[in-house]
Amino acid sequence: MQENKSSQVRELICINVDKVYDWIVKELTFELAPQAPVEFPTLPADVDLANASIQCNVVPALTNPVVILNRENRCFTVGGKSVTLQQLTIQKNFIVTITIKTASCVVYESAPFNISRCEQITLCAPHGTDVSVTYTDLDCFVCSTGAIIPDFPIGGTPTITFSNLSITVSVCQSIQSTFPVTVEFLAEYCEPRADIAMGCSPASRPQKCGNIFPSGC
């Protein structure tokens, strides 16, 4: 007979958790227009770039993907009350690669290059709190390229110069300010569930199709 949960003894428990001071979800769209030649290490000298299609890929930087540049107290009126919040200047760092697909469906990928963008957000994030940014969606697309001009320097890495390259990056981000705290509450200890017994299925045979065959049986 299973023990009634209400009869279990409760205990005062302390645990370490991250308290969420504030949490917002925000969209961000920005454009970038690389001017410098982009390296394409595997690009052959005889490549035909006529009618080639251009795509891009963006991911967070491996190191320091988010850097808090500044945290400034600002006074706001919320619900008729004056509150002090923090205006954060955040730098987001990304890695972008460009992919070229020729008319004959051969694909060449550029060397990754870094880009950064800054934005300001208002959050309850006093000094001492950690600010984390989680990307729920991160994507990019090529708006325009202009002329596609390959270059093959002697002894160097092949490059492509785009006369009018425009890339749009769209970001959906979850931003939280947190601080580790120790909390206490009354709780019951969890008990393991009963094991599910596994047995062999009884022998069976396929169901007959009624009076279809043999006729009249």
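Shown above is the structure to which this text applies.
Residues numbered from 1 in each chain as written. Predicted model: local features only at pLDDT ≥ 70, side-chain atom pairs only at ≥ 80, totals over all residues. Heavy atoms only, no water.

**Q** Which parts of the structure should I look at to understand unusual backbone geometry?
**A** Negative phi is the rule for most residues except glycine; trans is the rule for most peptide bonds. Even without a glycine there, the phi angle at Asn51 is positive, about 60°. Structurally, the position occupied by Asn51 is in the loop between strand 2 (38-39) and strand 3 (53-60). The class of Asn51 is exposed, set by a relative accessible area of 73%. Phi is positive for Asn64, close to 50°, though the residue is something other than glycine. Within the secondary structure layout, Asn64 lies in the loop between strand 3 and strand 4 (66-78). Assessed through its relative accessible area of 55%, Asn64 is described here as exposed. (Helix = DSSP H or I, 4+ residues; strand = E, 2+ residues; numbered from the N terminus. Buried < 20%, exposed > 50% of the residue type's maximum accessible area, 1.4 Å probe, protein only.)

**Q** Hey, could you run me through the environment of Leu32 in this one?
**A** Tracing the backbone through its elements, the reader meets Leu32 in strand 1 (residues 11-32). Residue classification places Leu32 among the buried positions, given a relative accessible area of 6%. In contact with Leu32, other than residues within four places in its own chain, are Ile115, Arg117, Leu165, Ser166, Ile167 and Val169. (Contact = heavy atoms within 4.5 Å.)

**Q** Could you clarify how one ought to interpret the sheet that holds strand 9 (residues 148-151) in this entry?
**A** Within a sheet, neighbouring strands are paired by backbone hydrogen bonds and run either parallel or antiparallel to one another. Read across the sheet, three strands follow the order 2-10-9 without closing on themselves; strand pairing throughout is antiparallel. With one partner strand each, in any of the chains shown, strand 2 and strand 9 form the two edges of the open sheet. Two strands pair when backbone bridges link them, and strand 2 and strand 10 (residues 159-162) are joined in this way by two bridges, in the antiparallel orientation. Note that in strand 10 the partner of Glu39 across the bridge is Thr159. (Pairing = 2+ DSSP bridges.)

**Q** Would you mind showing me how to read the state of the cysteines here?
**A** What makes a disulfide is a covalent bond joining the sulfur atoms belonging to two cysteines. Applying the stated criterion to the full structure yields one disulfide. A sulfur-sulfur distance of 2.2 Å marks the disulfide that ties Cys56 to Cys140. Linking Cys56 in strand 3 with Cys140 in strand 8 (residues 130-144), this pair joins segments that are 84 residues apart in sequence. Residues Cys56 and Cys140 agree in their burial class; the two are buried. (Disulfide = S-S within 2.5 Å.)

**Q** Would you take a moment to explain the side chain of Arg71 for this structure?
**A** Here Arg71 lies in strand 4. Asp130 is the oppositely charged side chain nearest to the buried, salt-bridge-free Arg71, at an N-O distance of 6.4 Å. Reaching out from Arg71, the side chain makes a polar contact with the side chain of Thr129 at a distance of 3.0 Å. Setting aside anything within four residues of it in sequence, one finds Arg71 in contact with Gln86, Gln87, Leu88, Ala125, Pro126, His127, Thr129 and Val131. (Lys, Arg positive; Asp, Glu negative; His and termini not counted. Salt bridge = Lys/Arg side-chain N within 4 Å of Asp/Glu carboxyl O. Polar contact = N/O pair within 3.5 Å; in protein donor to acceptor, adjacent residues only side chain to side chain.)

**Q** Explain the nonpolar core to me, please; I cannot follow it from the model alone.
**A** Across soluble globular proteins, nonpolar side chains show a tendency to be buried alongside one another. Phe40, Ile98, Phe162, Ile167 and Val169 are the most contacted members of the largest nonpolar core, which totals 37 residues. Of all the secondary structure elements, the ones that give two or more residues to this core are strand 1, strand 3, strand 5 (81-101), strand 7 (113-123), strand 8, strand 10 and strand 11 (166-187). Apart from residues lying up to four places away in sequence, Val169 is in contact with Leu28, Thr29, Phe30, Leu32, Val58, Leu138, Asp139 and Cys140. (Core = buried A, V, L, I, M, F, W, Y, C linked by side-chain atoms within 4.5 Å.)

**Q** Explain the packing of aromatic side chains to me, please; I cannot follow it from the model alone.
**A** We describe a pair of aromatic rings using the distance from one ring centre to the other and the angle between the two ring planes. Evaluation of the coordinates by the stated rule reveals two aromatic pairs. Note on Phe30 and Phe94: the rings are 5.9 Å apart at their centroids and 35° apart in plane angle, and the pair reads as tilted. Residue Phe30 is found in strand 1, and its partner Phe94 is found in strand 5; the two are separated by 64 residues along the sequence. You'll find Phe30 and Phe94 in the same group, each marked buried. An angle of 50° between the planes, with centres 5.7 Å apart, marks the rings of Phe94 and Tyr135 as tilted. Residue Phe94 is found in strand 5, and its partner Tyr135 is found in strand 8; the two are separated by 41 residues along the sequence. The exposure class of Phe94 is buried, given its relative accessible area of 0%. For Tyr135, a relative accessible area of 19% translates into the label buried. (Phe/Tyr/Trp six-rings, centres within 6.5 Å; stacked < 30°, edge-to-face > 60°.)

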